[in-house]
Amino acid sequence: RLSAHDNASGPSLFGHFAVSSARSGGDYGLRDVYVGHSESFNNTGSGISNMGTGMAFMNVENLVIEHNKVHDNGGDNLPPKEYPNGPSGILVYDGRKVTVQHNESYHQHRDPDGPTDNGGIDLWALDSVVQYNYVHDNEGWGMILGAGDPDDPDDPFPWPSERNVIRYNIFQNNGRRLPQSSIPEQNDAELFPFGPVKDFEIYNNTFYARNPGGPLPPNAETQALITIMAVPPARAPEGLRFRNNIFIAEKQVRLIELPTLSDVSFINNAYIGGAPSQLVTWGMGNYFDSIEAWSRATGQEQTPEAAAFKLADFSALCAPALH
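Residues numbered from 1 in each chain as written. Predicted model: local features only at pLDDT ≥ 70, side-chain atom pairs only at ≥ 80, totals over all residues. Heavy atoms only, no water.

Peer 1: Teacher, can you tell me more about the overall build of the chain here?
Peer 2: If you tally the helices and strands in the chain, you get 2 helices and 25 strands. For the chain, with 323 residues in total, the buried portion stands at 55%. In the chain, once contacts between residues fewer than 6 apart in sequence are set aside, the share between residues at least 24 apart is 77%. Surface accessibility of the chain: about 13,300 Å² in total, with carbon and sulfur atoms responsible for 52%. (Helix = DSSP H or I, 4+ residues; strand = E, 2+ residues; numbered from the N terminus. Buried < 20%, exposed > 50% of the residue type's maximum accessible area, 1.4 Å probe, protein only. Contact = heavy atoms within 4.5 Å. Areas by Shrake-Rupley, 256 points an atom, 1.4 Å probe, with all protein chains shown as cover.)

Peer 1: What exactly am I supposed to notice about the environment of A275 here?
Peer 2: Here A275 shows up in the loop between β23 (270–273) and β24 (280–282). By relative accessible area, which is 10% here, A275 ends up buried. When the C-alpha positions of A275 and A224 are compared, they lie 9.4 Å apart, and in sequence the two are 51 residues distant.

Peer 1: Sorry if this is basic, but what is going on with the pattern of salt bridges here?
Peer 2: Pairing between side chains of opposite charge can happen when their charged atoms approach one another. Counting across every chain of the model gives 10 salt bridges. With its nearest N and O atoms 2.6 Å apart, the salt bridge here joins R163 to D127. Taken together, the positions of R163 in strand β13 (residues 162–167) and D127 in the loop between β9 (119–126) and β10 (129–131) put the pair 36 residues apart, joining distant regions of the chain. According to the relative accessible area criterion, D127 is partly exposed, its value standing at 27%. (Salt bridge = Lys/Arg side-chain N within 4 Å of Asp/Glu carboxyl O.)

Peer 1: Help me understand the environment of L78, please; the structure alone is not making it clear to me.
Peer 2: When you line up the elements, L78 lands in the loop between β6 (69–71) and β7 (90–101). Residue L78 is classed as buried on the basis of its relative accessible area of 19%. Sequence separation between L78 and G52 is 26 residues, and the spatial gap between their C-alpha atoms is 9.2 Å.

Take a look at the structure:
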């Protein structure tokens, strides 16, 4: 029942800051933490922080984050060239057995002087569950699922991310410039797994993205509703399973982007809308003009129970329900 506002950063709980759990024999500096029924807003970074987050947790085991409202954080962090962290609503680095549920995260701001790693929820954790959250209208990604490599001594973020469940969430209109914002228009993904994430079950979520509200900068990275990124040289995701999700995109937004082929499967999902000429990017330079063509070419969605489909015009069907 905390109200935390107008600070450089919202509530921040750090265990071992310099040494990750993977490099300390699985030891965590904080255990058995509960954060619930609180509100965190207008924590901007104040020009002195590299976070500007609503809530930040690092090196924590047995963490529950539930029934919180997190909004309007970030926008005034230290320069991203020095500090790549950004204004996420709920941020968990190096966690284990984390439950994030029944939260609302919205209106997190990007910094005007450059891109940073930010989103509605940012999770780097083991054996965790993210469920029943409403993540919407953030200027960064809807949710980041990141992982580092603890076996690489040069990796500055050596936190593994494995065996996580993402279910029953709504991700809506993230990665878009907010009104009266000073940043350029954005086109980030609703869900952004990257690096060597492993064994994720992602099911029964709704992902919705509107078209960008204005023209994108010439050098802007255009992303799809779901963008899955490998980190070179060989740190690709493994065992990501998307089941029974609803993917809804307006006509300038691709549905799926997987630039480097890896162990990712899509089963029994529903696909509505999307960019008519490039619905799916699957591997380098491979574009398919329909879900059916992508399925035939890759084997995705080809199971006895699968019922992949696409509706050409979904606005009258879906827009009222989503608002």
